[in-house]
Amino acid sequence: MLHPPCPLPSYVAADKLGPWETYLEQVAQVTPLLAPSLQPWIETLHRPKRILIVDVPIRLDNGEIAHFEGYRVQHNTSRGPGKGGVRYHQDVSLPEVMALAAWMSVKNAVVNLPYGGAKGGVRVDPRLLSIEELERLTRRYTSEINIMIGPDRDIPAPDVNTNAQVMAWMMDTFSMNQGRTSTGVVTGKPISVGGSLGRQDATGRGVFVAAREAARQLGIPLAGSRIAIQGFGNVGEAAARIFAGAGARVVAIQDVTGSICNPAGIDLAALRAHVAQFKTLIGAPGTEAITGEEFWAVPCEFLVPAALEGQITTANAPNLAARIVVEGANGPTTPAADAILEERGILVVPDVLANAGGVTVSYFEWVQDFSSFFWTEEEINQRLERLMTEAFNAVWQVSRERRLRLRTAAFVVGCSRVLEARAIRGLYP
Ligand code: NAD
């Protein structure tokens, strides 16, 4: 006899619940599909294991003191240490970090990495900080979450607005507190301090592999295909470059500065040079500015959201003119939009599968750090290719056998693995 579902924890009820509510809805959809033996453990998925909220005070360059709120959430550690990125953004909130941590639990299980799920963030607009202020913020945040992280406890990585330099500061701060260098405490580090070749492009490369496999199933040739990408950061830029290298045309890009298109294909090298100089997509050589609405309706084979959550909604889902949506971002499609896309016959390759390339190469980095033996880029890309293809095929098979959309199939695979580990470990005490 199952206990009736518990009400949501009180800290959840206080917020707007956007991404966390989306995650709970996804779990609710998959719950009846999980094995009867796992049903008593479902509540595990609804409750983050551990949440830390920290005050991050720093001295600004002008001498004033500013306070920022930071978070680290371990959603589940049944399969191994927590693993997930750190986000710096003015809209970061506890429910968002909870959702991102939960998606990491599912994602790490989908790719079968020996990790649980975690995520962190600081509610700050990093564009308003000098590089020195950013370093002080990173070091203070790392010190505050020091009690939760460690190479065998919880391993942060880059996410929105954090990068290899931020990871180097985090690694150094943790190491100073430990009194010894501990490279394995974060991944996505610079190569010179234990980073891995191939990590920079790994998420974009994984997005490409997932898209290629989906296209193969639908009989869509990559060469000459059209791609629209939201986000031209770590994930979006690499995905654009790797797609273009495979003979596809990037026809539209949107970032926080606006949207551009060129139906003949955007010259990415010229775009990168333009962005480096002017800090905006707008005005890039050979491109035309379009509205946000027009961006979502650009005809293409692949649409890759690679920015933030909640971007494909009931407002734009009816207008999408893509064959396949490949979720580079975490949580870019709302559940209501998901239903519209399914009805319209647009295949969605879900985040927990499509963007798993980043954490996969993070895993390789962590393994290399432990053994202090580093692999070639070729080896890394081959292993990434193999793990991503295997994960795609496993999810695709479940989706065909059980007639499920890919997201539901991925959640069946991921949630089953998390709950199997939970059940076999049992409860303490
Ligand atoms: P990033 O900071 O490098 O880039 C983010 C991009 O999104 C930028 O181009 C920015 O201009 C754009 N953007 C931000 N707000 C926007 C808005 N309102 N409208 C349009 N564009 C907007 O971040 P990233 O590391 O590339 O992460 C992007 C997404 O991919 C996030 O959802 C992240 O969680 C996910 N992800 C990242 C990794 C990784 O390895 N970095 C791995 C898996 C998933």
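Turning to the packing of helix 2 (residues 18-30) against helix 15 (residues 406-425), a few remarks are in order. Running from N to C, helix 2 and helix 15 point in directions that differ by 85°, and their axes come no closer than 9 Å. One way to sum up the angle between helix 2 and helix 15 is to call them roughly perpendicular. Contacts between helix 2 and helix 15 pair Y23, Q26, V27, Q29 and V30 from the former with R407, T408, F411, V412 and C415 from the latter. Class assignment of the residues belonging to the contact of helix 2 with helix 15 gives a composition of six nonpolar, three polar and one charged.

Our next topic: helix 15. Between the first and last C-alpha of helix 15 there are 29 Å, a value that for 20 residues agrees with the 28 Å anticipated at 1.5 Å per step. Most of helix 15 sits inside the fold, with 15 of its 20 residues counted as buried. Phi turns positive one or two residues past the end of helix 15, at G426, with a value near 75°.

This brings us to a positive patch on the surface. On the surface, a cluster of positive charge is contributed by K49, R50, R153 and R425. Note that K49 resides in the loop between helix 3 (43-46) and strand 1 (50-59). When its relative accessible area of 46% is taken as the criterion, K49 is described as partly exposed.

So, about the site of the ligand. The local shell around the ligand holds 23 residues, among which D159, T203, F232, N234 and N330 are the closest. Taking R87, its side chain carries an N or O atom lying 3.0 Å from an oxygen atom of the ligand. F232 places a main-chain nitrogen or oxygen 2.8 Å from an oxygen atom of the ligand. When the free accessible area of the ligand is taken as 830 Å², the share hidden by the protein chains comes to 85%.

It is possible for side chains bearing opposite charge to pair when their charged atoms get close. Inspection of every chain in the model, using the stated rule, returns 27 salt bridges. As a salt-bridge pair, E213 and R216 come within 2.7 Å of each other at their nearest N and O atoms. With E213 and R216 both in helix 7 (residues 199-218) and three residues apart, the pair spans about one turn of that helix. For E213, a relative accessible area of 5% corresponds to the buried category. R216 sits in the exposed class, given a relative accessible area of 54%. In this structure, the salt-bridge partner of D351 is R407, at a minimum N-O distance of 3.6 Å. A residue pair is termed long-range when its members are at least 10 positions apart, and D351 in helix 12 (residues 351-354) and R407 in helix 15 qualify at 56 residues. On the basis of relative accessible area, D351 is assigned to the buried category, the value being 1%. Here the salt bridges share partners, and the residues they tie into one network are E327, D338, E342, D351, R405 and R407.

The next subject is the nonpolar core. The biggest cluster of nonpolar side chains holds 91 residues, and the ones touching the most others in it are Y23, F243 and V349. Per-element tally for this core: the top contributor is helix 4 (residues 94-110), with 12 residues. Split by domain, the residues of this core number at least three in each of domain 1 (48-183) and domain 2 (202-349). Once you skip the residues sitting within four places of it in the chain, V349 turns out to touch A210, A214, I324, V325, V326, E327, A354, F392 and L406. Listed in part, the 26 residues of the second largest apolar core include Y88, L134, V166 and W169.

Of the residues in the chain, 96% have a pLDDT of 70 or more, and the chain-wide mean is 95. The low-confidence segment residues 5-17 (pLDDT under 50) makes 15 contacts with residues lying over four places distant or belonging to another chain.

Moving on, we get to the environment of R386. Mapped onto the fold, R386 is located in helix 14 (residues 377-402). Relative accessible area serves as the criterion here: at 46%, R386 is assigned to the partly exposed category. Along the sequence, R386 and V111 sit 275 residues apart, while their C-alpha atoms lie 11 Å from each other.

Once that is clear, we can look at the pairing of strand 5 (residues 117-123). Summarising burial for strand 5: six of the seven residues are buried, a large majority. Two strands pair when backbone bridges link them, and strand 2 (residues 65-76) and strand 5 are joined in this way by seven bridges, in the antiparallel orientation. Opposite Y71, over in strand 5, you have G121 as the bridge partner. As defined by bridge partners, strand 4 (residues 86-89) adjoins strand 5 across four bridges and the pair is classed as parallel.

Split into domains, the chain comes out as domain 1 (48-183) and domain 2 (202-349). On a C-alpha basis, the centres of domain 1 and domain 2 stand 28 Å from each other. Across the boundary between the two partners, domain 1 contributes 10 residues, which contact six residues of domain 2. Carbon and sulfur atoms make up 49% of the surface buried where domain 1 meets domain 2, a total of about 570 Å² over both sides. At the boundary of domain 1 with domain 2, the tally comes to one salt bridge. A salt bridge links E309 to R87; its shortest N-O distance comes to 2.6 Å. Applying the counting rule to domain 1 against domain 2 returns two residue pairs in polar contact (both at pLDDT 80 or more). Of all elements in the fold, only strand 4 and helix 4 reach the threshold of two or more residues within the side of domain 1 that touches domain 2. Among the elements that take part in the side of domain 1 that touches domain 2, helix 4 stands out by supplying four residues, more than any other.

Calculation notes
- Residues numbered from 1 in each chain as written.
- Predicted model: local features only at pLDDT ≥ 70, side-chain atom pairs only at ≥ 80, totals over all residues.
- Heavy atoms only, no water.
- Axes fitted to C-alpha atoms, helices over the stretch in contact; angles between N-to-C directions.
- Helix = DSSP H or I, 4+ residues; strand = E, 2+ residues; numbered from the N terminus.
- Parallel < 35°, antiparallel > 145°, perpendicular 65-115°, else oblique.
- Contact = heavy atoms within 4.5 Å.
- Nonpolar A, V, L, I, M, F, W, Y, C, P; charged D, E, K, R; others polar.
- Expected span 1.5 Å × (residues − 1).
- Buried < 20%, exposed > 50% of the residue type's maximum accessible area, 1.4 Å probe, protein only.
- Patch = residues over 30% accessible without salt bridge, like charges linked within 9 Å, V, L, I, M, F, W, Y side chains within 5 Å.
- Areas by Shrake-Rupley, 256 points an atom, 1.4 Å probe, with all protein chains shown as cover.
- Salt bridge = Lys/Arg side-chain N within 4 Å of Asp/Glu carboxyl O.
- Lys, Arg positive; Asp, Glu negative; His and termini not counted.
- Charge placed at Lys NZ, Arg CZ, Asp CG, Glu CD.
- Near = heavy atom within 4 Å.
- Polar contact = N/O pair within 3.5 Å; in protein donor to acceptor, adjacent residues only side chain to side chain.
- Core = buried A, V, L, I, M, F, W, Y, C linked by side-chain atoms within 4.5 Å.
- Domains from an automatic or database assignment.
- pLDDT = per-residue confidence, 0-100.
- Pairing = 2+ DSSP bridges.
- Buried area = accessible area lost by both parts, 1.4 Å probe.

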